[in-house]
Amino acid sequence: GDHGPEIVEHVRRAPRVALNVVLPRLRHKDEEWRKARRDMNKIWREVYKDNYYKSLDHRSFYFKQVDKKGLSAKSFLQEIRTAQESGISSSNPSPYLAWGMDRPDIHRDILEVVGRSAASELLEGA
């Protein structure tokens, strides 16, 4: 602290007297700091454990930022407008989006699975 140079000077002049006072205080401070370090090690260990996997993914911030922008309402509206404009400019001026159903057998199978699942849920609930 502020009295460090003065204490060192007393230790040089009269080591036997000064050390009898300084040494117990230094030992007490050492124990105090060791205890504080042990207590902090528990906290630091938890922080290190929590941050370990985050540290491996150093680009996650940028991915989250892009996802946040991409999933915003403004982005969805822009995508809808773009799709609508491309639909209007094509031969079909319908405002609805349409997709081709190239494999109707798959759609029938999915409908059957969903229908059976809904029927079994209704029977279990009754």
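Each chain has its residues counted from 1, running along the sequence as written. This being a predicted model, a pLDDT of at least 70 is required before a residue's local features are given, and a value of 80 or more before pairs of side-chain atoms are given or counted; all residues contribute to the totals for chains, interfaces and linings. Excluded from the side-chain calculation are hydrogens and water; included are all heavy atoms of the structure.

Visitor: Would you mind showing me how to read the overall build of the protein chain here?
Guide: Put simply, DSSP marks the helices as runs of H or I at least four residues long and the strands as runs of E at least two long, and each gets a number from the N terminus on. Counting secondary structure elements, the protein chain contains 5 helices and 0 strands. When accessible area is computed with a 1.4 Å probe and restricted to protein chains, residues below 20% of their type maximum are described as buried, those above 50% as exposed, and intermediate ones as partly exposed. Buried positions account for 2% of the 126 residues belonging to the protein chain. Using a 1.4 Å probe, the Shrake-Rupley method yields the accessible areas, and only the shown protein chains count as cover for residues. With the model as given, the accessible surface of the protein chain reaches about 12,400 Å², and the carbon-plus-sulfur share is 60%.

Visitor: Would you mind showing me how to read helix 2 (residues 15-56) here?
Guide: One turn of the α-helix equals 3.6 residues, which is why residues spaced by three or four share an orientation. In this model, helix 2 (42 residues) spans only 54 Å end to end at C-alpha, well below the 62 Å of a helix rising 1.5 Å per residue. Fitting axes to the seven residues that end at a residue and to the seven that start at it, the angle between those axes gives the bend at that residue. Most pronounced at Asp50, the bend in helix 2 amounts to some 30°. Take the residue count of a helix, subtract one, and multiply by 1.5 Å to get its expected span.

Visitor: Would you mind showing me how to read a positive patch on the surface here?
Guide: Here the term patch refers to residues with relative accessible area over 30% and no salt bridge, with like charges joined within 9 Å and nonpolar side chains (Val, Leu, Ile, Met, Phe, Trp, Tyr) within 5 Å. By salt bridge we mean one thing: a side-chain nitrogen of Lys or Arg within 4 Å of a carboxyl oxygen of Asp or Glu. Counted charges follow a simple rule, with Lys and Arg positive, Asp and Glu negative, and His plus the chain ends left uncounted. Every charge is mapped to an atom, namely NZ of Lys, CZ of Arg, CG of Asp or CD of Glu. Taken together, the side chains of Arg37, Arg38, Lys42 and Arg45 make up a positively charged region of the molecular surface. Residue position: Arg38 is located in helix 2. Owing to a relative accessible area of 49%, Arg38 belongs among the partly exposed residues under this scheme.

Visitor: Got a minute to help me understand the packing of aromatic side chains in this structure?
Guide: We call Phe, Tyr and Trp rings a pair once their centres come within 6.5 Å, taking the six-membered ring for Trp, and we label the pair stacked below 30 degrees between planes, edge-to-face above 60, and tilted otherwise. Scanning all chains against the criterion turns up 1 aromatic pair. On the basis of an interplanar angle of 75° and a centroid distance of 5.1 Å, the ring pair of Tyr52 and Tyr53 is categorised as edge-to-face. What makes Tyr52 partly exposed here is its relative accessible area of 46%.

Visitor: Where do I start with the pattern of salt bridges in this structure?
Guide: Where side chains of opposite charge bring their charged atoms close, a pairing between them can arise. Evaluation of the coordinates by the stated rule reveals 6 salt bridges. Here Asp105 makes a salt bridge to Arg103, at a shortest N to O gap of 3.3 Å. Residue Glu112 pairs with Arg116 through a salt bridge whose shortest N-O separation is 2.8 Å. Taken together, the positions of Glu112 and Arg116, both in helix 5 (residues 104-125) and 4 residues apart, correspond to about one turn of that helix. Residue Glu112 is classed as partly exposed on the basis of its relative accessible area, which comes to 41%.

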